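Residue-level structural notes
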Amino acid sequence: MSSEENQFNVQGYNIVTMLKRLEAATSRLEDISIFQSENGRSDGQSIRSVGQGQGIGAGQSQQDKEAKAVEANQQNEAVPKSVTEFKNFIEKSLIPLVKSSQAIDGLVGEAAEIFEQAFQAQLQFLSIVAKSKKPEMSDPAFMEVLKPINEKIEQINKLKDANRESQFYNHLNTISEGAPVLGWVVGDTPVSLIPEFKDSSQFWSNRVMKEYKDKDQRHVTWVSQFLHIFEALKAYVKEFHTTGPSWNNANGQPLSEVLAGSKSVGGPSGGSAPPPPPPPPPAAIFDSDSAQSTSSSVPAGGMNAVFADLNKGENITSGLKKVDKSEMTHKNPSLRQAAPPVSKKPTPPKKPSSLSSSLNLAEPKKKPAKMELVDGTKWIIENFTEADVPSHQPLVIDAEMQQSVFIGNCSGITVQVKGKANAISISETRNTGVVVDSLISGIDFIKSFKFGLQVTGTVAMISVDKSDEGSIYLSQQSIDADVQIYTSCATSLNVNVLKNDDFEELAIPEQFKHSIRNGKLISEVVEHAG
């Protein structure tokens, strides 16, 4: 080997050869970049890189570049924001939980993966919702599109039940109790449903915290990640689906047509198509018996059939089968050795899934609106909607001190109670506002959603029970009179008080900490800072 060749060798490697191989690899990478649109580069960048390697990009016209850019913008606009934000919710809240679960235990990781898959199935559901008109709850297509979510919830429950001896059984129970939160898509007030499932799962997550708080910080982080899912989901639903899934009633297609189209292109959003509807149930075990009975002249069932058989007298046994001596076991000992036939038992009814069981298939008819004074002592306002109130004017009541007011099953209206009444009760209302001058006793809100209360005079007591998203505006007179506000199972409740000629919003606490001190239960408000 000459001295000139030695100077290009470094520790046995020829630099010239290495440079040629590097140049070939670079050219190959430039070729691949043409077909990798997801690499984040623009079309112009890809064209320039190819042009440097092989001189292809120089011939690309500016018109083609603009056409591709317009097509990419159209694809981005086609995806509704509600679907995009739900996908971001999965990536930010579910994916970290899966990773933490896998680090704790294989079973916990498997349960978390199924939990995440259930939300992926719900992402496909919301993609379909964005393209469809709202169907009837009894529509088979609606049940079909919910089926993938139901199946994942059932898998989580089966996994939990099959591993009761696991040392991480509390983790599995936490996920199992929280999984039905996916059923918010079949509720009319999903924002108020989500905290209920959080409370159910928190019973088990508190056990996890108690066991591992001082042992392993991974479990503490896991609990925090899991409970955060409910808060993030509640914020998402509150923004995009306050009264249930936001169906595209204006420009959408029937749900069955959207499902058929999604199957033909491989499922919504490019994913897998929803599974086909379940096969028809197997024939009943006693179908043959029922067929014989219906073909007979005797009535098919009931006590009439029993008495008809008794009236046959001696002929009652005419339909029985004659048993031959060769089939009698007491005369043929060899038949006793054979195993007795196993009787077929009817299959027990399947437990309804968490989503479909909460559907109200029979939509109740709207009751007539009613506003009347009963016995001169009680005002009753019921069944009012926006359509019943012309020009959205408030319903005005001139109340007296001996009169009480009941407002029930109303939606989208405002009631103004003038004068000084005895008491007011509001039950099962939606988007209903109440303006009150003064009350002798107090006002109660029960099972109401998105309600508003404004007090212009004096009210001694306000009670809120099993209600969500309420806003209370208090007058300075009520504050000076030391008004008392009682809450139970209430969420997203705010009280507004006057400050510098403007209202300041104060949030009612929703979370409490309980401890035992000297044999007594001490409850404290949990303050969230930061």
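Above this text you will find the structure in question.
Given the structure is predicted, the values throughout are model-derived calculations rather than measurements.

Okay, the sheet that holds strand β11 (residues 449-455) next. With mixed pairing, seven strands are arranged side by side in an open sheet as β5-β7-β9-β11-β13-β15-β16. Lying at the two open borders of the sheet, with one neighbouring strand each, are β5 (395-398) and β16 (502-507). Across the sheet, the axes of successive neighbouring strands diverge by a mean angle of 15 degrees, strand direction being ignored. Inspection of the sheet shows strand β15 (residues 491-499) paired to β16 by six bridges, in the antiparallel sense. The residue bridging Leu498 from the neighbouring strand is Phe503, located in β16.

Once that is clear, we can look at the nonpolar core. Core analysis: the biggest nonpolar cluster contains 59 residues, and Phe86, Phe89, Phe115, Phe119, Phe125, Phe142 and Leu233 have the highest contact counts within it. Where this core is concerned, the elements lending two or more residues are α5 (81-104), α6 (106-129), α7 (140-161), α8 (169-178), α9 (190-212), α10 (217-240) and α11 (255-264). In terms of residue count, the dominant contributor to this core is α6 (13 residues). When neighbours within four sequence positions are excluded, Phe119 is seen to be in contact with Phe86, Phe89, Ile90, Leu94, Val181, Leu182, Ile229 and Leu233. Ile443, Leu474, Val495 and Val497 belong to the second-largest nonpolar core, a separate cluster that totals 34 residues.

With that settled, the discussion passes to the sheet that holds strand β3 (residues 370-374). Adjacent strands of a sheet pair through backbone hydrogen bonds, lying either parallel or antiparallel. Spatially, seven strands are ordered β3-β4-β6-β8-β10-β12-β14 in an open sheet, and the strand pairing comes out mixed. Every interior strand has two partners, whereas the edge strands, β3 and β14 (484-488), have only one. Strand-to-strand twist of the sheet, defined as the mean angle between neighbouring strand axes without regard to direction, takes the value 10 degrees. Bridging between strand β12 (residues 461-465) and β14 involves five bridges; their strand directions are parallel. Looking across to β14, one finds that Ile462 is bridged to Ile485.

So, about the packing of α6 against α10. Interhelical geometry of α6 versus α10 gives an angle of 10 degrees and a closest axis separation of 14 Å. In terms of their interaxial angle, α6 and α10 are classed as roughly parallel. Contact residues: Val108, Phe115, Phe119 and Leu126 in α6; Trp222, Phe226, Ile229, Leu233 and Tyr236 in α10. Residue composition of the contact of α6 with α10, by class: nine nonpolar, no polar and no charged.

Looking now at the pairing of strand β13 (residues 468-473). Bridge count for β11 against β13 is five bridges, and the pairing is parallel. Residue pairing across strands places Leu453 opposite Ile472, the latter belonging to β13. Relative to β15, β13 runs parallel, the two being bridged by five bridges. Counterpart to Tyr473 in the pairing with β15 is Asn496.

The rules behind each value
- Residues numbered from 1 in each chain as written.
- Predicted model: local features only at pLDDT ≥ 70, side-chain atom pairs only at ≥ 80, totals over all residues.
- Heavy atoms only, no water.
- Pairing = 2+ DSSP bridges.
- Helix = DSSP H or I, 4+ residues; strand = E, 2+ residues; numbered from the N terminus.
- Axes fitted to C-alpha atoms, helices over the stretch in contact; angles between N-to-C directions.
- Core = buried A, V, L, I, M, F, W, Y, C linked by side-chain atoms within 4.5 Å.
- Buried < 20%, exposed > 50% of the residue type's maximum accessible area, 1.4 Å probe, protein only.
- Contact = heavy atoms within 4.5 Å.
- Parallel < 35°, antiparallel > 145°, perpendicular 65-115°, else oblique.
- Nonpolar A, V, L, I, M, F, W, Y, C, P; charged D, E, K, R; others polar.

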